[in-house]
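Architecture at a glance
Now for the letters of each chain:
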Amino acid sequence: MRSLALLVTALLLPAATSAQPLLTAYRAPAPPRIDGDLSDPAWQSACTTSPFILATDAALPEEQTIARACFDDERLYLGIEAMEGALAPALNMLEMVRAQQTVRDANVFSDDCVEIFLQPPGGDYYHLAVNSIGTLYDARDQGAPWDGDCVVAARRGDGGYTVELSVSFASLGASPAGEWRANFGRERTAVVEQSTWSGLQGAFHQPGQFGELRFATAGPAITRADMAIGPDRLLLHAIVGGAADGATELRGALASGDQTTTAAAAGPGEHTLALTFPAAVQETGRVAASFELAQGDATVQRSAAIPMTVAAGVARLSVEATNARVEAFVGGDPVALADGAADLSLEPGLNVIALRATAEGDAPALRPEISSGGRALPVAWLRRTEQPADGWLSALD
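Residues numbered from 1 in each chain as written. Predicted model: local features only at pLDDT ≥ 70, side-chain atom pairs only at ≥ 80, totals over all residues. Heavy atoms only, no water.

1. Considerations on the environment of Gly 134
- Its location among the elements puts Gly 134 in the loop between strand S7 (126–131) and strand S8 (136–140).
- Looking at Gly 134, the relative accessible area reads 22%, which means it is partly exposed.
- Sequence spacing of Gly 134 and Val 152 is 18 residues, and the spatial spacing of their C-alpha atoms is 6.2 Å.
- Setting aside residues no more than four positions away along its own chain, Gly 134 makes contact with Val 152 and Ala 154. (Helix = DSSP H or I, 4+ residues; strand = E, 2+ residues; numbered from the N terminus. Buried < 20%, exposed > 50% of the residue type's maximum accessible area, 1.4 Å probe, protein only. Contact = heavy atoms within 4.5 Å.)

Here it is in C-alpha cells:
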C-alpha cells in the first residue's frame, strides 16, 4: 500500500507591516527561449521571488510559486514555476488542475493560472495571466483593452507547471530603467487558493500593495531559498549565485514584539542562517521572518514578512479521510482520533503535528483542518508520498 505523510510545523497569522518585497532583473547575455523550459542559463542566475503568501489569510499557501525575471534591450522575460502536487501522475488527479480556456483573453481565471502585474514608473499598470497550457489574458489596469506584444509558452509536468513569457518594452510604453511596481499571483483550482508574492490581502488589483522591480546589468542573486522550523529556531537555506562576491551578504531576521534576532552570511554559495526565536515570543506567541540579499549598500532582493504563531494553547484537529487509514502525532507522540477528530494540547514554542495515512482503496484523499475557538487556522502542510528520514514526527531538521 502507498503511504502519505503530512507535516505541519507552525500556525500562521496575518503579516506584520514591513518593507515591500524587491526583485532585481538582470540583463540576459542570451535571452531565454520561450518554450516553457526553465533550464536556460539566464534563469539559472536570475533572482527568485520569496515565498508567496495567501491573499485571504496572510498565511503560506499549500503549494508555492517561484517567479524569475531578466531582460534585454527589447523585452522583459518572466519565468514562473508553479508547484502542484495534483499533477503527479501517480495520484491520478490531473483533471483537478483545470485548463479549459484556449482563446486569448478568455476567462483564464476560471483555470489554474499565474498572474503578472507590471507598472512602469508614472504610468498605468498592465495585467497578464496565463493558464497551465499557455492561454494568455492581457489588459491594462482593471480590464481596459490592451494587447501586448507577448510571446507565451507553458508546460505541465510531474508535480507542477511552468510558464515563460516575454513582453516588449515598447508595448508597455517603457524602458528597463527606474523603479517599477510589480506583483505575481497564483490561482489554484485543485483547492480554492489565491496567493501573491507581495503578500497583499484581498483583491489582486491593489497597485499600492505591489512589490518593487528593478533593473541592473548584473549582480548577485538568491537562486533558491527554503525555510525549515526547529524547536527554538528557524533555518533559512539559500543558494547565492549570479555575480556574487565577497561584498555580497545574505541577511535574515526574526522579530517578535520589539525584539529581533538576526544572522548573516557573506559571499556566494550555499548558506544556512540559524535564526533563534526572540525571548519575547513567550509573551507575544508570534514571530515574523524576513530575508534579503545586499551587494554593498544596495539591496537587490527582499522578502515580504512571513508570519508565524508559536503560542501554547488548545487546538482541534479534524481529518476527513477517503479510502485511507490515518494516524496522528504531536511532537512525535501519538494522538487518538475519535471519529476523525482530537483536541490537541500545544506547548509553548513550535509544535510539529504529523499525519500518516495508508491507502485502503482507490483515490485515497485527506482533508485535514486545525481550528481554535471554532475558527479554522491557516496552517502550512508539507506533504510526502514516501516515508521521510527518522525523526520526522517531531522535527524537520
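2. Comments concerning the pattern of salt bridges
- If you walk through the whole model with that rule in mind, you get 21 salt bridges.
- Residue Asp 73 pairs with Arg 27 through a salt bridge whose shortest N-O separation is 2.8 Å. Here Arg 27 lies in strand S2 (residues 22–27) and Asp 73 lies in the loop between strand S4 (65–71) and strand S5 (75–83), a separation of 46 residues in the sequence.
- Judged by relative accessible area, which is 54%, Asp 73 ranks as exposed.
- With a relative accessible area of 34%, Arg 27 lands in the partly exposed category.
- Among the ionic pairs, Arg 302 bridges to Glu 212, the shortest N-O distance being 3.2 Å. (Salt bridge = Lys/Arg side-chain N within 4 Å of Asp/Glu carboxyl O.)

3. A word on the pairing of strand S24 (residues 324–330)
- Sheet topology note: the S24/strand S27 (residues 353–359) ladder contains seven bridges and is antiparallel. For Ala 324, the partnering residue across the bridge sits in S27 and is Ala 359.
- Summarising the sheet, S24 and strand S25 (residues 333–335) pair through three bridges and their orientation is antiparallel. The partner of Ala 328 across the bridge, within S25, is Val 335.
- From the end of S24 to the start of S25, which pair antiparallel, there are two residues, and Gly 331 there has a positive phi angle of about 60°. (Pairing = 2+ DSSP bridges.)

4. Brief notes about the packing of aromatic side chains
- One pass over the structure, following the stated rule, counts 11 aromatic pairs.
- Ring centres of Phe 109 and Tyr 137 lie 4.9 Å apart, and the angle between their planes is 70°; this geometry places the pair in the edge-to-face category. Placement of the pair is Phe 109 in the loop between S5 and strand S6 (113–119) and Tyr 137 in strand S8, with a sequence separation of 28 residues.
- By way of ring pairs, the aromatic residues Phe 71, Phe 169, Trp 180 and Phe 215 are connected into one cluster. (Phe/Tyr/Trp six-rings, centres within 6.5 Å; stacked < 30°, edge-to-face > 60°.)

5. Here's the deal with the nonpolar core
- Among the nonpolar cores identified, the biggest contains 60 residues, and Leu 118, Phe 184 and Leu 213 are the most heavily contacted of them.
- The residues contacting Leu 118, other than those within four sequence positions of it, are Leu 76, Asp 124, Tyr 125, Tyr 126, Leu 128, Val 167, Leu 172, Trp 180, Arg 181, Ala 182 and Leu 213.
- Among the nonpolar cores identified, the runner-up in size contains 14 residues, and Ala 315, Leu 317, Ala 324 and Trp 381 belong to it. (Core = buried A, V, L, I, M, F, W, Y, C linked by side-chain atoms within 4.5 Å.)

6. Some details on the confidence of the model for the protein chain
- In the predicted model, the protein chain carries a mean pLDDT of 88, and 89% of its residues have values of at least 70.
- Confidence over residues 1–17 falls short of pLDDT 50; this stretch has 84 contacts with residues more than four positions distant or in other chains. (pLDDT = per-residue confidence, 0-100.)

7. Quick look at the environment of Trp 146
- Within the element layout of this structure, Trp 146 appears in the loop between strand S9 (144–145) and strand S10 (150–157).
- For Trp 146, a relative accessible area of 12% translates into the label buried.
- Considering only alpha carbons, one finds Trp 146 and Leu 172, 26 residues apart in sequence, at a separation of 9.8 Å.
- In this structure, Trp 146 is in contact with Tyr 126, Leu 128, Asp 138, Ala 139, Arg 140, Val 167, Ser 171 and Leu 172, ignoring residues within four places of it in sequence.

8. With respect to the pairing of strand S13 (residues 193–196)
- When strand S3 (residues 53–54) meets S13, the two strands line up antiparallel, connected through two bridges. Paired with Leu 54 across the two strands is Ser 195, which belongs to S13.
- Across four bridges, strand S12 (residues 180–188) lies against S13 in antiparallel orientation. By the bridge assignment, Gly 185 is partnered in S13 with Thr 196.
- Two successive antiparallel strands, S12 and S13, enclose a turn made up of four residues.

9. With respect to the environment of Arg 33
- With respect to the helices and strands, the residue Arg 33 is situated in the loop between S2 and helix H1 (41–44).
- Arg 33 sits in the exposed class, given a relative accessible area of 62%.
- Arg 33 sits 120 residues away from Ala 153 along the chain, and the two C-alpha atoms are 9.6 Å apart.
- Apart from the residues within four sequence positions on either side, Arg 33 is in contact with Asp 40 and Glu 164.

10. Points about the sheet that holds strand S15 (residues 220–229)
- Here we have three strands laid out as an open sheet, ordered S15-S16-S19, and antiparallel in their pairing. Two strands lie at the open edges of the sheet, namely S15 and strand S19 (269–276), each paired on one side alone. Strand-to-strand twist of the sheet, defined as the mean angle between neighbouring strand axes without regard to direction, takes the value 20°.
- Bridge count between strand S16 (residues 233–242) and S19: eight bridges; the pairing is antiparallel. Pairing of Val 240 across the sheet is with Gly 269, part of S19. (Axes fitted to C-alpha atoms, helices over the stretch in contact; angles between N-to-C directions.)

11. Considerations on the side chain of Arg 68
- Position of Arg 68 among the secondary structure elements: in strand S4.
- Excluding anything up to four places from it in sequence, Arg 68 contacts Leu 38, Trp 43, Ala 46, Cys 47, Thr 48, Tyr 77, Leu 78, Gly 79, Glu 81, Thr 223 and Arg 224.

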